[in-house]
Amino acid sequence: LTMDDFTRVNSDEDTWHWKEDGLLVCTGQPVSVMRTKKLHTNFELVVEWSHRKPAGNSGIFVWTTPESIERLTKSGKPGLPDGIEVQVLDNAFTDKIKAAGKKTDWFTTHGDVFPVRVKMTPIGKTSPNGSRSFPRKELSKGHGEWNHYYVRAINGEVRLWVNGEEVSGGTGCEPAKGYLCLESEGSPIHFRNLRIRELP
């Protein structure tokens, strides 16, 4: 996937920048997304990511609804779409939330998969409220290091591998077709080696 495969939704002109070597640089401002030009149904996705600061937040949206993209595009304001989010969160985020005196049991930094205003039944270990699929192993590396995600999205089922091992996912996803989105959420992040293979 290259610059030609994506289009801006509600990001600023300088939020996303492609380098000549294929590195995708995101400033994190404003909270927004860019999307693929194509709708995708069944596919495998590979992406590497690296947060540039501690406690960075981002995500990959799978099967993002066209309706929510249209809403964000028209408003031109910060915000995130509807779809299945594959969390991209730096390990130091937990310390940040603890330091603020807030609960940290509702998320992890190792590859949560969860629905955002759509339907999904989490696989395996879940968050206390049952909405998120929690990873069964903690494999994410900290900011400044590169992490490898492999996402398989087939027939309404999403599964995530972090740095080579399957950790989380969900079934019964509705809708099971939509845009693929990359998320800008307040902190600089780099992406590289984005590859997608469409499946029957």
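Attention here is on the structure that accompanies the text. Keep in mind the model is a prediction, meaning the values are calculated, not measured. (Residues numbered from 1 in each chain as written. Predicted model: local features only at pLDDT ≥ 70, side-chain atom pairs only at ≥ 80, totals over all residues. Heavy atoms only, no water.)

### Quick look at the pattern of salt bridges
And then number 1: Summed over all chains, the structure comprises 12 salt bridges.
And then number 2: Residue Glu166 pairs with Arg136 through a salt bridge whose shortest N-O separation is 3.9 Å. Here Glu166 is found in strand S12 (residues 165-174), whereas its partner Arg136 is found in the loop between strand S9 (119-122) and strand S10 (147-154), with 30 residues between them in sequence.
And then number 3: Taken together, the shared-partner salt bridges connect Arg136, Glu157, Arg159 and Glu166 into one network. (Salt bridge = Lys/Arg side-chain N within 4 Å of Asp/Glu carboxyl O. Helix = DSSP H or I, 4+ residues; strand = E, 2+ residues; numbered from the N terminus.)

### Side note on the side chain of Thr109
And then number 1: Tracing the backbone through its elements, the reader meets Thr109 in the loop between helix H2 (92-99) and strand S8 (113-116).
And then number 2: Within polar-contact distance, the side chain of Thr109 engages the side chain of Asn91 at 2.7 Å.
And then number 3: Leave out the neighbours within four places in its chain, and Thr109 touches Leu89, Asp90, Asn91, Phe93, Thr94 and Ser140. (Polar contact = N/O pair within 3.5 Å; in protein donor to acceptor, adjacent residues only side chain to side chain. Contact = heavy atoms within 4.5 Å.)

### Focus on the nonpolar core
And then number 1: One finds Ile60, Val62, Ile84, Tyr149, Val158, Leu182 and Phe191 to be the most contacted residues of the largest nonpolar core, which totals 32 residues.
And then number 2: No other element matches the four residues that strand S5 (residues 43-51) contributes to this core.
And then number 3: If sequence neighbours within four positions are ignored, Tyr149 has contacts with Leu45, Val46, Val47, Trp49, Ile60, Val86, Gln87, Val88, Gly111, Leu160, Trp161 and Val162.
And then number 4: In this structure, Val33, Phe61, Phe114 and Val116 belong to the second largest nonpolar core, which totals nine residues. (Core = buried A, V, L, I, M, F, W, Y, C linked by side-chain atoms within 4.5 Å. Buried < 20%, exposed > 50% of the residue type's maximum accessible area, 1.4 Å probe, protein only.)

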